[in-house]
Each structure stands twice: as C-alpha cells, then as structure tokens.
Amino acid sequence: MEPKATRLRRGEGPRGEQEDRPSGEGSTEKDRGLDLVQWTRHMEVVKTQLLEHAQGQLTELLDRAMWEAVRSYPPQGGPLPSTPPDSLSKGREPSPGKRKIFIIRKSLLDELMEVQHFRTIYHMFIAGLCVFIISTLAIDLIDEGRLMLEFDLLIFSFGQLPLALMTWVPMFLSTLLVPYQVLRLGARPRAGGAWVLRAGLGCVLLVAHTVGLCALPVLVALKYQLPPASRCILVFEQVRLLMKSYSFLREALPGTLCARVGEGMQAPSFSSYLYFLFCPTLIYRKTYPRTPNVRWNYVAKNFAQALGCVLYACFILSRLCVPVFANMSREPFSTRALVLSIMHATLPGIFMLLLIFFAFLHCWLNAFAEMLRFGDRMFYRDWWNSTSFSNYYRTWNVVVHDWLYSYVYQDGLWLLGGRARGAAMLAVFLVSAVVHEYIFCFVLGFFYPVMLILFLVIGGLMNFMMHDRHTGPAWNVLMWTMLFLGQGIQVSLYCQEWYARRHCPLPQTTFWGLVTPRSWSCHT
C-alpha cells in the first residue's frame, strides 16, 4: 500500500480515492491547499492517538527510571532492596508492574505551589475565604451590634476528646502487638504438631484482635454518646488500623508460610512494622524511600493549615447549614423545599469536600510524611482534571486506592483466575461503599444510606458510563456538576435527618425505628 503522502502528491484523496480536479493553475493550488489542511488534521488525530496510547507505558517507564535513581542513592537507614521494594523471593513472585512501587516524589500541590501563577490562585482563594468571613462578621456587627464569634459547634463536635484518645491507646497497642506476634508464630520452623498449635494460637489471637478492634470503638461511642468529631477520630483510626493489619500480614505472611521446613525465614523487624503503623501508606514494605532530613517549618505549616481548615469547616456549617436545616423538619414537607435545600447545600457541600481533601490528604499526610522522612508523597493525583468518574475514583485518594487495588481487585482476579474483571471491580465498589457508609453511620450516629446509594448505585453507573475514553473540557464540567449536586444531596439529607432525630425522638426503641429515616415523617 502506498504512503498517504505519495497518494496526495499524485492527486488522490487521503483514503486513496482519485479526486476529480478541475484544470487550471488556480484550481491546482486550491486543491493542494485543501489537501494540506486535510493532511494536517489527519496528523493531529494520529498524534493524539499516539500520545494516549503511550501515556500509560511512558508513566510506568518513568517510574522505573526514578526507582533506579533512588536505588543508586546511598540510603541512610540501610541498603535498598535489589528489586522493587519487598519482593517476596521465598513466597509468590508478583509481577513487578503490578506491585506498588514507592519512590521519592512530592505531592502534586507542593509541585504546583512552586509555580508563581498557581501560588497567586491559591492566594486569591484564601483572600476569597477571608472576604466571606469578614462579610459575615460585618453583618453580625450591623444586625446584633457585636461580633458573633461562636465556637459552640466546634466545642460540641470535639466534646469528650480525652475519652476518644484513651480509647485509641488499646486499639493501637493491640494492632502493634498481635499481628506481629502472629507473624512470628508462623515464621518458626514447622516441626511436627508444635507448628500447628502455634498456628492455631495465632489464629485465635488474630480473631480476638479483629473483634476487639471492631467492637471497642462502637461500644464506647454508644455508651458515652460521643459527639461527631470524636467519633470521627475513632472510626478513622479503627479502619486505618484494620487495613494496616491486613496489609502487614498479607505482604509478610505468604513468604513465611512458603519457606521450606527448617529454612527459618527471617520475619520483618519490629522497627519496620512500627514505622509502617505511623507512615502515611496502607501498603506494607520492609523499607521505604526516605528523605535526608526533616523540615520542621514545613510540618508546622501543614498542621496550621489543617487546623485552619477545621475551623473554617465549622464556620461554614454554623453559618450556611445550621440556620437552614435546624427548623426544616418543623415545616410541612414539599418537593420545592427539598429541591431548594439541595441547591442551597451545593456550595457548602463542595467547600467541605475541598477542605477535607486539603486538610487530610495534603496537609495532615504530608506533615506525618515529613516527620517520618517518608519519601513518597503521592497521596492524590490531579483528580480535579478528571473527565470520567473512573479516573476520579483512582486519583482522589491514592492511599486507599492502592489498598483496594492490591488486596481487593488484584487478589480477586487471582482467586477468580483473571477472567472476571467486572466481578473484581464490583467487589472494589462494594467494599468501598460499605466502608464509607459505615463511617457515616458511626460518625452521625444513625443509619441513612445516602452515601451507600450515591457511591454504589449512582457512582457505579457513572463509573461505567463516564469512562476514560471521554475526554475534553465538557466532560470535566459534567463531572464537576455531578460532584456539586452529589455534595448538595449529602449535606441536605444528612442535616435534615440529624435535626429530625432530635426534634422527633422515638417513644420506644425498635429496629425499624432505628433504620427508618426520621426526616420522612417528622414534621412537628
């Protein structure tokens, strides 16, 4: 087949058809111009397709090159492994391209902050928040004659904080001691029935650890009626410690069990496990890339920004949500009132989403990473540029996504023989949706499956409808529109349910009364 350029020079169209050309020099020059435009458009399409096709392979290649560069740097805490971190030479041999590779890299916002133009946008955003606070305080000063600096919501939310911290201590000690002891029991030589007894004891300890870690926070929260922020600390630590326990045993135990009898495979050091419990990742490795020193001014800056986000979130709730939803359950239900409340909640909802992202995924995790000299700071990617929900789910929270991908999706494919990617993906959505709904239920103190429906049903459909083939600014606008509406629905419905359960308490506690939304029937 002849090249397309040859056909164009011979007078054929880009698809090989012979074109009728009128005689005359002017017509020839015009046809050549049209051919050039057509050829240019074709090459633009080819260039776009080649870039999209090579993007994934180029990213993996660059990660490999960066890892080799990290290996060549002399570490301070011991030699780096000769293969990507912690490959289990004695157990199963994972594919290098499928395992999480840790390399030294900054968080994306830190990289963007090095650009003056982006810093200016960041400063404009802060200025906008300051203007919003000043305008609110000015209205209070005019209407009330004094500044209404109320911290009631903040004080209420973090009530009984010492009790929550005391509850965390046995949770952490159990996670520190039990999984490591279970691994040590399995790492000893398997001689006769003694190894079976040790394995049985390890299983009993592991079950007791899991049950205690699941039950203790729930019992404390119910008995002492902890407020939302204190509950939030407990449930996040509960989920984090459970995920870290699973990752540690999942990564270290297969190599121990696959070791030959009498070989006595060495268990990971206790210090590496202790470091893993505090470092900002849910994937266990014996070693991680480390930065050379700690920038304490960077740590203080991130903690200060996280505290500022908490204060501003309380300000948004007390000024934009409480006045709207506090007495809504006292009014007759109407579709108009529901729609207006959702539209009103979109702005505070998206503010809360951005504040949670910046406070936790950027400030909090980077502060701990800096204190521990943890090198890999890719806790999120550019989720704000997503044109599909599948890309948004992968880039919003990389820390949790890595855990779900490694231990739910990949292990699911391994169990199913690699033939059921749809089932493995559904399992990821199901686990993530159930855990998100559990967190909301624990923090708020009631069951109202808004998050479960939005995440599993609507989010699952959007994941398959808005896939990675959709690109362009229109799809990004559509994704942000869906995020605005989703956050508005969550804030509106959860706030209505919160106040309805306080205005209309149950005369007697029943199972159906606990699981039935009170806001549907409470109109006092």
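Predicted model, so just to flag it, every value in this text is computed and none were measured.

### What to know about the nonpolar core
Where a protein is soluble and globular, its nonpolar side chains tend to be buried together. If you look at the biggest cluster of nonpolar residues, it comprises 74 residues, and the most contacted ones within it are F248, Y288, F357, F374, Y392 and W403. For this core, the element with the most residues is helix α11 (residues 335-371), which contributes twelve residues. The contacts of Y392, once residues within four sequence positions are left out, are L353, W383, S386, M479 and L483.

### Description of helix α15 (residues 450-465)
With 16 residues, α15 extends 21 Å between its outermost C-alpha atoms, agreeing within 8% with the 22 Å of an ideal straight helix rising 1.5 Å per residue. Its maximal kink placed at G459, α15 deviates by approximately 35 degrees. Its buried side turned inward, α15 meets α12 (389-396), α14 (421-444) and α16 (473-503).

### Some thoughts on the UniProt feature "transmembrane region" (unreviewed entry) in the protein chain
When the UniProt feature table is mapped to this numbering, "transmembrane region" (unreviewed entry) covers residues 121-142, 162-183, 195-220, 303-326, 338-361, 412-431, 438-462 and 474-495. Between the first and last C-alpha atoms of residues 338-361 the distance is 32 Å; the span itself is 100% helix and 0% strand. Helix makes up 100% of residues 474-495 and strand 0%, with an end-to-end C-alpha separation of 32 Å.

### Thoughts on the packing of aromatic side chains
Enumeration over the complete set of coordinates arrives at 43 aromatic pairs. With a centroid separation of 5.7 Å and 75 degrees between ring planes, the pair formed by Y246 and Y407 is classed as edge-to-face. Of this pair, Y246 sits in helix α8 (residues 228-258) while Y407 sits in helix α13 (residues 398-415), and the two are 161 residues apart along the sequence. Looking at Y246, the relative accessible area reads 40%, which means it is partly exposed. Overall, Y407 belongs to the buried group, its relative accessible area being 6%. Ring geometry for W383 against W384: centres 5.7 Å apart, planes inclined by 75 degrees, an arrangement best described as edge-to-face. Through successive ring pairs, a cluster of aromatic residues spans F357, Y380, W383, W384, F389, Y392, Y393, W396, F429, F455, W480 and F484.

### Observations regarding the UniProt feature "active site" (unreviewed entry) in the protein chain
Those residues carrying the UniProt feature "active site" (unreviewed entry) are H436 in this numbering. Tracing the backbone shows H436 in helix α14. In this view, H436 contacts M451 and F455; residues no more than four positions away in its chain are not counted. Among the polar contacts made by the side chain of H436, one reaches the main-chain carbonyl oxygen of S432 at a distance of 2.7 Å.

### Quick look at the environment of N476
Tracing the sequence through the fold places N476 in helix α16. Residue N476 is classed as buried on the basis of its relative accessible area of 19%. Between the C-alpha atoms of N476 and W384, which are 92 residues apart in sequence, the distance is 8.2 Å. The contact partners of N476, leaving out residues within four places of it in the chain, are W384, N385, S386 and T387.

### Section: unusual backbone geometry
The phi angle at Q160 is positive, at roughly 60 degrees, despite the residue not being glycine. The topology assignment puts Q160 in the loop between α5 (152-157) and α6 (161-187). The backbone phi angle of R373 is positive, close to 55 degrees, even though this residue is not glycine. Here R373 shows up in the loop between α11 and α12.

### Re the pattern of salt bridges
Under the defined criterion, the tally for this structure stands at nine salt bridges. Between K100 and D402 there is a salt bridge, with the nearest N and O atoms lying 2.9 Å from each other. On the criterion of sequence distance, the pair formed by K100 in the loop between α2 (25-72) and α3 (108-113) and D402 in helix α13 is long-range, its members being 302 residues apart. Under the relative-accessibility criterion, K100 is labelled buried at 12%.

Reading the values: rules and limits
Residues numbered from 1 in each chain as written. Predicted model: local features only at pLDDT ≥ 70, side-chain atom pairs only at ≥ 80, totals over all residues. Heavy atoms only, no water. Core = buried A, V, L, I, M, F, W, Y, C linked by side-chain atoms within 4.5 Å. Buried < 20%, exposed > 50% of the residue type's maximum accessible area, 1.4 Å probe, protein only. Helix = DSSP H or I, 4+ residues; strand = E, 2+ residues; numbered from the N terminus. Contact = heavy atoms within 4.5 Å. Expected span 1.5 Å × (residues − 1). Bend = angle between axes of the 7 residues up to and from the residue. UniProt positions renumbered as here; feature names shortened; annotations may be inferred. Phe/Tyr/Trp six-rings, centres within 6.5 Å; stacked < 30°, edge-to-face > 60°. Polar contact = N/O pair within 3.5 Å; in protein donor to acceptor, adjacent residues only side chain to side chain. Salt bridge = Lys/Arg side-chain N within 4 Å of Asp/Glu carboxyl O.

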